[in-house]
Amino acid sequence: MRRRTFAALAPVSLLAACGFRLRQAPTFEFKRIYINAAATSPIAHDLKKALASGGTVTVADTPTAADVVLDVLGETRQTVVVGLSAVGQVTEFELRMRFRFRLRTPQGREVIPDAEIALSRDISFTESAALAKEAEEQLLFRDMQADIVLQTMRRLAAAKLA
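Below or above, wherever it landed, is the structure these notes cover.

What counts and what doesn't
- Residues numbered from 1 in each chain as written.
- Predicted model: local features only at pLDDT ≥ 70, side-chain atom pairs only at ≥ 80, totals over all residues.
- Heavy atoms only, no water.
- Core = buried A, V, L, I, M, F, W, Y, C linked by side-chain atoms within 4.5 Å.
- Buried < 20%, exposed > 50% of the residue type's maximum accessible area, 1.4 Å probe, protein only.
- Helix = DSSP H or I, 4+ residues; strand = E, 2+ residues; numbered from the N terminus.
- Contact = heavy atoms within 4.5 Å.
- Axes fitted to C-alpha atoms, helices over the stretch in contact; angles between N-to-C directions.
- Parallel < 35°, antiparallel > 145°, perpendicular 65-115°, else oblique.
- Left-handed = near helix turned anticlockwise from the far one by under 90°.
- Nonpolar A, V, L, I, M, F, W, Y, C, P; charged D, E, K, R; others polar.
- Expected span 1.5 Å × (residues − 1).
- Salt bridge = Lys/Arg side-chain N within 4 Å of Asp/Glu carboxyl O.
- Polar contact = N/O pair within 3.5 Å; in protein donor to acceptor, adjacent residues only side chain to side chain.
- Pairing = 2+ DSSP bridges.

**Let's talk about the nonpolar core**
At step 1: The biggest cluster of nonpolar side chains holds 33 residues, and the ones touching the most others in it are F30, I33, L47, L70, L103, I112 and L156.
At step 2: Mapped onto this core, the elements with two or more residues apiece are strand 1 (32–36), helix 2 (42–54), strand 3 (68–84), strand 4 (90–104), strand 5 (110–124) and helix 3 (130–158).
At step 3: With seven residues, the single largest contributor to this core is helix 3.
At step 4: With near-sequence residues (within four places) excluded, L70 lies in contact with I33, Y34, I35, N36, L47, F101, R102, L103 and L156.

**Concerning the packing of helix 2 against helix 3**
At step 1: Interaxial distance between helix 2 and helix 3 falls to 10 Å at its minimum, and their mutual angle equals 55°. One finds that helix 2 runs oblique with respect to helix 3. Note on packing geometry: the crossing formed by helix 2 with helix 3 is right-handed. Where helix 2 abuts helix 3, its residues P42, I43, D46, L47, A50 and L51 lie against Q145, I148, V149, T152 and M153.
At step 2: Looking at the contact of helix 2 with helix 3, its residues break down into eight nonpolar, two polar and one charged.

**Observations concerning helix 3**
At step 1: When the terminal C-alpha atoms of helix 3 are compared, their 42 Å separation across 29 residues agrees well with the 42 Å that a helix rising 1.5 Å per residue should span.
At step 2: All buried positions along helix 3 are accounted for by K133, E137, L140, F141, M144, Q145, I148, V149, T152, M153 and L156.
At step 3: In this structure, the buried residues of helix 3 make contact with strand 1, helix 2, strand 3, strand 4 and strand 5.

**A few points about the pattern of salt bridges**
At step 1: Applying the stated criterion to the full structure yields ten salt bridges.
At step 2: A salt bridge links K160 to E29, with the shortest nitrogen-to-oxygen separation between them at 3.8 Å. Of this pair, K160 sits in the segment after helix 3 while E29 sits in the loop between helix 1 (2–17) and strand 1, placing them 131 residues apart in sequence.
At step 3: A residue is classified by how much of its surface remains accessible, and K160, at 54% relative accessible area, is exposed.
At step 4: With its nearest N and O atoms 3.1 Å apart, the salt bridge here joins R98 to E116.

**A short note on the environment of L103**
At step 1: For L103, the position within the fold is in strand 4.
At step 2: The class of L103 is buried, set by a relative accessible area of 0%.
At step 3: Separated by 68 residues in sequence, L103 and I35 have C-alpha atoms that sit 9.3 Å apart.
At step 4: Beyond its immediate sequence surroundings of up to four residues, L103 is in contact with F30, I33, V68, V69, L70, E110, V111, I112, L156 and A159.

**Some details on the side chain of R104**
At step 1: Within the fold, R104 resides in strand 4.
At step 2: Of note is the side chain of R104, whose polar atom sits 2.6 Å from the side chain of D71.
At step 3: Filtering out sequence-adjacent residues up to four positions away, R104 remains in contact with V68, V69, D71, R109, E110 and V111.

**As for the sheet that holds strand 5**
At step 1: With respect to topology, five strands assemble into an open sheet ordered 2-1-3-4-5, the strand pairing being mixed. The open sheet terminates on both sides in strands that have one partner only, identified here as strand 2 (58–59) and strand 5.
At step 2: Here strand 1 pairs with strand 2 via two bridges, running parallel. What sits directly across from I33, in strand 2, is V59.

This is the structure in structure tokens:
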């Protein structure tokens, strides 16, 4: 009986000893953030939702009411042809997404200088399944957008105000 208990607890104790722990919500050095972005920015919209859902940071309505300001400098989506068949038909695309931002105080001191997150995904293409491939492309873009939001959140959590 003791051997079974020991055998069952051994992997758990090894994980605890190596420093493993589940990922937790990030902690930020600021309490209020203003996101300076276009109203149509999907990444900024997702960032606001992610920050508000954490409960530790509130999204301010004006830059003067915030501890920090996140300036969205640009976000682009591209679809680039990377593969052609022998007869010149497209067989593969590369989906690219870039997000540029900086974090500063309302007084103008840079906390995170201009930064860019760039992601790409490859997608095959066949003319016979064009509608399905279009849906897959939109799904990949949404996945990249969610990844950019997570990476931005980690960078904001690592920012030091002092």
